[in-house]
Amino acid sequence: MATVVGVRFKTVGKVYYFDPAGIQYPLGSQVIVETARGAEFGEVAMENREVPDDQVVKPLKRVLRAATPEDLRIMEENRKKEQQAAELCREKIIKHKLDMKLVNVEYTFDGSKILFYFTADGRVDFRELVKDLASVFRTRIELRQIGVRDEAKMLGGLGICGRPFCCSTFLGDFQPVSIKMAKEQGLSLNPGKISGACGRLMCCLKYEQDAYEDLIRHTPRVGAQVSTPDGDGTVIDVSLLTGTLKVRLQNGETTTENYYHKREVRPLRRRSNPEKA
């Protein structure tokens, strides 16, 4: 087992493990940690605890110290520099006539690198832009192309539900979603109704999917042959959430349609065709 503390670098970002070096850091405290790109400023998102060794990426970097007032001043200055760098970069993008959209700018804590996040429809040759920016800022420049989901996470906004984006408030990682989820949940397949502001399928399709999959496993499907209190019939409609089935019953030349709860019916095995035996 290894003793770690969880640190997050963005408001809603991934939590990384660090070695607390024997110091107890309370939840929400601000710290300076050692990373692959130098010292970084972060916030404790998980207090000291023991985790299995196989969950830790070796070598485990350590927490250097609790953030000081001077560290907070540096972070405030970096935020101001980021705004100025963003304005200048947008001007340079127009100058070089590049088909890209600047989304965010991030200074490393020690100012040794500036990261520019952008979106674009395809590959962009930004080599001249990097040279131009490096000549102005005289530090390492890195441009990272991100997807539309990452853009929405960075910028934030309101979803069609009227609430702030899930990705910018509490979702640490994006979960895979598919049109199959919308079908199984009985939702409209109109892209405008099941897509988020980013243009991709809404992340919330994933929230109830496990429950729907469980209901599907224990509920007869449309077309299934079932035995009901009134005789055998065929399921023609299903309400997964209520467990209600609409069953068509055939009694001679008379056809009726009745509603039953799934607990009232019993699936029938399909009869084999003797002619094909």
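Structure: above.
Residues numbered from 1 in each chain as written. Predicted model: local features only at pLDDT ≥ 70, side-chain atom pairs only at ≥ 80, totals over all residues. Heavy atoms only, no water.

Moving on: the pattern of salt bridges. Enumeration over the complete set of coordinates arrives at 17 salt bridges. With a closest N to O distance of 2.8 Å, Arg 65 and Asp 71 form a salt bridge. Using a relative accessible area of 35% as the deciding quantity, one classes Arg 65 as partly exposed. The salt bridge involving Glu 142 is made with Arg 144; its shortest N-O contact spans 2.6 Å. Residue Arg 144 is classed as partly exposed on the basis of its relative accessible area, which comes to 33%. Shared partners join several salt bridges into a network, and the residues in it are Glu 70, Arg 73 and Glu 77. (Salt bridge = Lys/Arg side-chain N within 4 Å of Asp/Glu carboxyl O. Buried < 20%, exposed > 50% of the residue type's maximum accessible area, 1.4 Å probe, protein only.)

Now for helix α3 (residues 148–155). Of the residues making up α3, those classed as buried are Arg 149, Glu 151, Ala 152 and Lys 153. Each element contacted by the buried residues of α3 is listed here: β6 (101–107) and β7 (113–119). Of the residues one or two after α3, Gly 156 is the one with positive phi, at around 75°. (Helix = DSSP H or I, 4+ residues; strand = E, 2+ residues; numbered from the N terminus. Contact = heavy atoms within 4.5 Å.)

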